[in-house]
Each structure stands twice: as C-alpha cells, then as structure tokens.
Amino acid sequence: MRYYVLDRGDSLSVDLTEQFHKLAGEHGFELDAESPEIVVSIGGDGTMLHAFHTFIDRIPSIAFVGIHTGHLGFYADWKADEIPELIKLMSGQGGPEAPKPRIVNYPLLDLEIVKKSGTTSYVCLNEFTLKSVDGTIVAQVDINDELFEMFRGDGICVSTPSGSTAYNKSLGGAMMHPTVEALQIAEIASINNRVFRTMGSPLVLPKHHHCDIYSRKEQNLMLTIDHINLPIHDLLSVRCQVARQKISFVRYRPFPFWQRVRNAFLD
Ligand code: NAD
C-alpha cells in the first residue's frame, strides 16, 4: 500500500508520524509523496484540511484517514494511542472479528471566482466565506440565475455538508449528514432594511442548483476557502455549486455521524 502522512507539526504529531512510519515499514507499506493511495492526517480537523488541499489534484484516487492528537475531530477519528491497531487494520491483519474497511464519500463545494483580473476555480472541504476587510459587504445573491436577495452585512458562508458542523454551525446553520449532496448558505450578520432584505434563514441547495454571489460595490474582500485566506479587491462574482468530485475517507471501524455530533457538542 502506498501511503503518505501529513502532521500538524507540533512535537506530539511529529512523534506519532515517526511511529506511524516505523510500523508502516514493518508491515510493508510504501511511503509515496507523489501518488499515495492513503493519506493519513495526524493532528486535528485543520490538519485534514491541509492534507485535502495538499492533494487537491489527486482527490479521486486518494482515501483519507485522520488521527487526532487533541479532542476528537470530525475528520480525525483515531486516537494517538491507537496507531498500532490502525496499522493492523490497514494491512488486513485485524483478525476474523475485524470489520471490513469501508470507503465513505462526502460531497465537496466547487467555486468559480471571477475577478477583473481573471477566473480561478477552487474546491472546499468545509466552506467558503466572503467577508469584508473594511466595513460591511454589499452583494447580490442569485439562485439558478435569478435574483434572490441583496445582501448587506458582515458576510456569507457557503458550506459543504461535512463542513456544516464547523463555521456554518456557529452561524446558526443546520448540521447536515455529510453524505447529503447539497450546499448550505448561511448569513453572517445581515443588515435588513428597505433596500437590503435577506431571507435570514440558512438555505440548503441540492446538487443540481447553483448560486452566484456578485460583488456590488468597490470593496476589499477576504475570501476564505477552508483555512486559506484570499484577499481580493477586484471581485466580480463567485459561483458556488456541489462539486462533481467527492472526498473519500476509509473507515476501518464504524463511527456513526450522529454519535460523533453528540460526542463533540453534548458529551
Ligand atoms: P481553527 O484552528 O480556528 O479551528 C477551528 C475549529 O473548527 C477547530 O476546533 C476544528 O476542530 C473545528 N472544525 C474544523 N472542521 C470542522 C468540521 N468539519 N466539523 C466540526 N468542527 C470542525 O482553524 P483550522 O483548524 O484551520 O480550521 C479552519 C476551519 O475553522 C474553517 O474551515 C472553519 O470551518 C472554522 N472556523 C470556524 C469559525 C467559527 O466557528 N466562528 C470561524 C472561523 C473558522
């Protein structure tokens, strides 16, 4: 098996990476930074976001596994002391009782960012946000090429289903099961008056719909794509839709999503 490991860079994650390489070598795995079949992230959810963007051009041929070094993550479900067990399961030596590994696929968000200076495409694992760096933003939101609302406020967040438990949740968005093929639009502190009227509720769009956000004044904007910040001063529009490709995670043991939600937010 060809694998690669990305860690958070702190001493615990670096030590765990060394441990992983040692055990992986003993089980005949091949370290491959160019075309790994499995990418292991050691750290937290942020480390998985890094891993995803590092291998963004190879997403269809990779399955991700997350090991967390702090509290349980949404993308990291193995604990630091479980690496020997994980390696056994990865090598198919988990014994007759071991559950069969399963690949789960989660939808992603596709962005087309149109600036006066050119067009760029991005894919998000968690979300995209549009915010101002100096005051409120003014933006027109169209859904399926029809005017939906004129937005004025702090910003707009468009999340994937697996990102719905992250920034989107802090904005009052709904938590969605990560396999639902949809995107969610949540407002960040909208101003409502006679000129600018917004729906005020998070919206969930199915995969065959799209939304365009048009910048409606000269404004210095900050776009975020997961953990990446992009300052932009010449934005024209952003098209958001469910991506054609999905991210794959290997599950070597079951961990139901709603149990994960309960553990993260209630227990
Ligand atoms: P960070 O260090 O600020 O961590 C943000 C927190 O979000 C961490 O606790 C992380 O575990 C959690 N998180 C990340 N993805 C998650 C997911 N899919 N479900 C549930 N929790 C999740 O930043 P980072 O580690 O670089 O992560 C970037 C992410 O931070 C962004 O994608 C965004 O979702 C999130 N964020 C949240 C807020 C907010 O809630 N107000 C603000 C900014 C960014």
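The following refers to the structure shown. Being a predicted model, the structure only gives us computed values, none of them experimental.

What counts and how
- Residues numbered from 1 in each chain as written.
- Predicted model: local features only at pLDDT ≥ 70, side-chain atom pairs only at ≥ 80, totals over all residues.
- Heavy atoms only, no water.
- Helix = DSSP H or I, 4+ residues; strand = E, 2+ residues; numbered from the N terminus.
- Rg over C-alpha atoms; globule rule 2.2 N^0.38 Å.
- Buried < 20%, exposed > 50% of the residue type's maximum accessible area, 1.4 Å probe, protein only.
- Contact = heavy atoms within 4.5 Å.
- Areas by Shrake-Rupley, 256 points an atom, 1.4 Å probe, with all protein chains shown as cover.
- Lys, Arg positive; Asp, Glu negative; His and termini not counted.
- Charge placed at Lys NZ, Arg CZ, Asp CG, Glu CD.
- Salt bridge = Lys/Arg side-chain N within 4 Å of Asp/Glu carboxyl O.
- Polar contact = N/O pair within 3.5 Å; in protein donor to acceptor, adjacent residues only side chain to side chain.
- Near = heavy atom within 4 Å.
- Domains from an automatic or database assignment.
- Pairing = 2+ DSSP bridges.
- Right-handed = clockwise from strand over helix to strand, strands pointing away.
- Core = buried A, V, L, I, M, F, W, Y, C linked by side-chain atoms within 4.5 Å.
- Expected span 1.5 Å × (residues − 1).
- Arc of directions from axis to C-beta.

A separate point is the overall build of the protein chain. Across its full length, the protein chain holds five helices and 16 strands. Here the C-alpha radius of gyration of the protein chain, 20 Å, is about what a compact globule of 267 residues would show, namely 18 Å. Each principal axis of the C-alpha distribution contributes one length, and for the protein chain these read about 65 × 40 × 35 Å. Within the protein chain, the fraction of its 267 residues that count as buried is 48%. Residue pairs in contact within the protein chain that sit at least 24 positions apart in sequence constitute 72% of those at least 6 positions apart. For the protein chain, the exposed area adds up to about 12,600 Å²; of that, 50% sits on carbon and sulfur atoms. A gap of 5 Å separates the mean positions of the 25 positive and 32 negative side-chain charges of the protein chain.

Attention now moves to the environment of D32. Along the polypeptide, D32 turns up in the loop between strand 2 (30–31) and strand 3 (38–43). Take D32: its relative accessible area is 12%, and that puts it in the buried class. Between the C-alpha atom of D32 and that of I213, which follows or precedes it by 181 residues, the distance is 40 Å. Ignoring any residue separated from it by four or fewer positions in sequence, one finds D32 in contact with R2, Y3 and Y4.

Within the fold, E187 resides in strand 11 (residues 182–190). Look at E187: it is buried, it has no salt bridge, and the nearest opposite charge is R197 at 10 Å. Within the structure, the side chain of E187 is placed 3.0 Å from the side chain of T198, a separation counted as a polar contact. Reaching out from E187, the side chain makes a polar contact with the backbone nitrogen of G200 at a distance of 2.9 Å.

Let's shift gears to the site of the ligand. Near the ligand there are 15 residues, and of these D45, N126, E127, T165 and S170 occur at the shortest range. The side chain of T165 places a nitrogen or oxygen atom 2.7 Å from a nitrogen atom of the ligand. Contact with the protein chains covers 60% of the free accessible surface of the ligand, which is 780 Å². Of all elements in the fold, only helix 2 (45–54) and helix 4 (167–170) reach the threshold of two or more residues within the shell around the ligand. Here the element with the most residues in the shell around the ligand is helix 2; it accounts for three residues. Shared between two domains, the shell around the ligand takes at least three residues from each, and those domains are domain 1 (2–101 + 252–265) and domain 2 (107–245).

So, on to the pattern of salt bridges. In the structure shown here, the tally under the stated rule is 13 salt bridges. Of the charged contacts, one joins R8 and D10 as a salt bridge, the two residues approaching to 3.4 Å between their closest N and O atoms. E181 serves as the salt-bridge partner of K207, at 3.2 Å between the closest nitrogen and oxygen. In this pair, K207 is assigned in the loop between strand 12 (203–206) and strand 13 (210–215) and E181 in the loop between helix 4 and strand 11, connecting sequence segments 26 residues apart.

The backbone of D145 sits at a positive phi, close to 70 degrees, despite the residue not being glycine. In this structure, D145 sits in the loop between strand 9 (137–143) and strand 10 (146–159). Overall, D145 belongs to the exposed group, its relative accessible area being 52%.

This brings us to the pairing of strand 4 (residues 63–68). Counting buried positions along strand 4 gives six out of six residues, so the element sits mostly inside the fold. Neither face of strand 4 is exposed, since A63, V65 and I67 on one face and F64, G66 and H68 on the opposite face are all buried. Of the strand pairs in this sheet, strand 3 and strand 4 are connected by six bridges, and their pairing is parallel. Bridge assignment links S41 to a residue of strand 4, and that residue is G66. For the crossover that starts at strand 3, traverses helix 2 and ends in the parallel strand 4, the hand is right-handed. Bridging between strand 4 and strand 16 (residues 235–251) involves two bridges; their strand directions are parallel.

Our next topic: the nonpolar core. For soluble globular proteins, the rule of thumb is that nonpolar side chains tend to be buried together. Among the nonpolar cores identified, the biggest contains 28 residues, and L111, F128, V158, I213, L223 and C240 are the most heavily contacted of them. L23, V65, I67 and M90 belong to the second-largest nonpolar core, a separate cluster that totals 21 residues.

Our next topic: helix 1 (residues 11–26). Side chains that are three or four residues apart share a direction in an α-helix, a result of its 3.6 residues per turn. Taking 1.5 Å per residue, 16 residues should reach 22 Å; helix 1 reaches 23 Å between its end C-alpha atoms and fits that length. Every buried residue of helix 1 is accounted for by S13, L16, T17, F20, L23 and A24. Looking straight down helix 1, one finds its buried side chains confined to an arc of 135 degrees; they lie on one side. For helix 1, the exposed residues lying more than 90 degrees away from the buried face are S11, E18, K22 and E26. A positive backbone phi angle near 80 degrees is found at G28, which sits one or two residues after helix 1.

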